[in-house]
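Here's the letter readout for the chains.
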Amino acid sequence: MKKSYFLTYVSTEKEILIKEMLQNMFDFIFIPYESSYLGIYYNCESLFVDKLTISNNFLPDNSLQIEDRNFISVIKLSFVNGKNSEKKSKYLYMKEQLDKIDVLILYKDIIVEE
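Residues numbered from 1 in each chain as written. Predicted model: local features only at pLDDT ≥ 70, side-chain atom pairs only at ≥ 80, totals over all residues. Heavy atoms only, no water.

Engineer: Looking at this structure, I do not really get the overall build of the protein chain. What am I missing?
Structural biologist: For the protein chain, the helix and strand inventory stands at two helices and six strands. Ordering the α and β elements of the protein chain from the N terminus gives β-α-β-β-β-β-α-β. Relative to its length of 114 residues, the protein chain is compact, with a C-alpha radius of gyration of 14 Å against a globular reference of 13 Å. Judged by the C-alpha coordinates and their principal axes, the protein chain covers about 40 × 30 × 25 Å. Within the protein chain, the fraction of its 114 residues that count as buried is 40%. In the protein chain, of all internal contacts separated by at least 6 residues, the share reaching a separation of at least 24 is 60%. Just so you have it, the protein chain exposes about 6,800 Å², and 51% of that area is on carbon and sulfur atoms. Looking at the protein chain, you have 14 positive and 17 negative side-chain charges, and the mean spots of the two groups are 6 Å apart. (Helix = DSSP H or I, 4+ residues; strand = E, 2+ residues; numbered from the N terminus. Rg over C-alpha atoms; globule rule 2.2 N^0.38 Å. Buried < 20%, exposed > 50% of the residue type's maximum accessible area, 1.4 Å probe, protein only. Contact = heavy atoms within 4.5 Å. Areas by Shrake-Rupley, 256 points an atom, 1.4 Å probe, with all protein chains shown as cover. Lys, Arg positive; Asp, Glu negative; His and termini not counted. Charge placed at Lys NZ, Arg CZ, Asp CG, Glu CD.)

Engineer: I'm lost on the nonpolar core in this one. Help?
Structural biologist: Buried together is how nonpolar side chains tend to be arranged in soluble globular proteins. With 21 residues, the main nonpolar core has Leu 22, Phe 28, Leu 52, Leu 77 and Leu 98 as its most contacted residues. Listed by contribution, the elements that provide at least two residues to this core are β1 (3-11), α1 (15-26), β3 (39-44), β4 (51-56), β5 (73-79) and α2 (84-99). With residues near it in sequence (within four places) discarded, Phe 28 still touches Leu 22, Gln 23, Cys 44, Ser 46, Phe 48, Val 49, Leu 52 and Met 94. (Core = buried A, V, L, I, M, F, W, Y, C linked by side-chain atoms within 4.5 Å.)

Engineer: Got a minute to help me understand unusual backbone geometry in this structure?
Structural biologist: Negative phi values dominate among residues other than glycine, just as trans dominates among peptide bonds. Positive phi, close to 60°, is recorded for Asp 27, a residue that is not glycine. The backbone phi angle of Asn 62 is positive, close to 70°, even though this residue is not glycine. Its location among the elements puts Asn 62 in the loop between β4 and β5. For Asn 62, a relative accessible area of 67% puts it in the exposed group.

Engineer: Looking at this model, I keep getting lost on the sheet that holds β3. Mind explaining?
Structural biologist: Paired through their backbone hydrogen bonds, the strands of a sheet run either parallel or antiparallel. Read across the open sheet, the six strands follow the order β2-β3-β4-β5-β1-β6; overall the sheet is antiparallel. Two strands bound the open sheet, and with one partner strand each, they are β2 (31-35) and β6 (105-113). Taking each pair of neighbouring strands and ignoring which way they run, the sheet shows an average axis angle of 20°. As paired strands, β4 and β5 are joined by six bridges and run antiparallel to one another. (Pairing = 2+ DSSP bridges. Axes fitted to C-alpha atoms, helices over the stretch in contact; angles between N-to-C directions.)

Engineer: When you look at the pattern of salt bridges in this model, what are you seeing that I'm missing?
Structural biologist: In a structure, side chains of opposite charge can pair up when their charged atoms sit close to one another. Across all of its chains, the model carries three salt bridges by this definition. The partner of Asp 50 in a salt bridge is Lys 90, and the shortest N-O contact between them spans 3.2 Å. Of this pair, Asp 50 sits in the loop between β3 and β4 while Lys 90 is found in helix α2, placing the two residues 40 residues apart along the sequence. The class of Asp 50 is buried, set by a relative accessible area of 14%. The exposure class of Lys 90 is buried, given its relative accessible area of 18%. (Salt bridge = Lys/Arg side-chain N within 4 Å of Asp/Glu carboxyl O.)

Rendered as structure tokens:
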């Protein structure tokens, strides 16, 4: 059975600060993108995570991604490629590391079995 892992963190800090923190911790390279739905956001793919996106909680249409105005940034991680054991290992490592960062709060932790 194939498993995929997803983490969502939130923060009261701005996306640019979160991006810089993660770049320094993991040597990630983030690429800025812009969409009509998310506005400006940052995306990264690495050996540690298949996809990591940092975006603003406040969307261009004035709605919220996370229904709490106290949170400024939303950080989403997905682990979907490779063997289940590899995905689980990367997921556990990143969760352990991100849980140590004071300005990040775990919002969702989802495991999907197909």
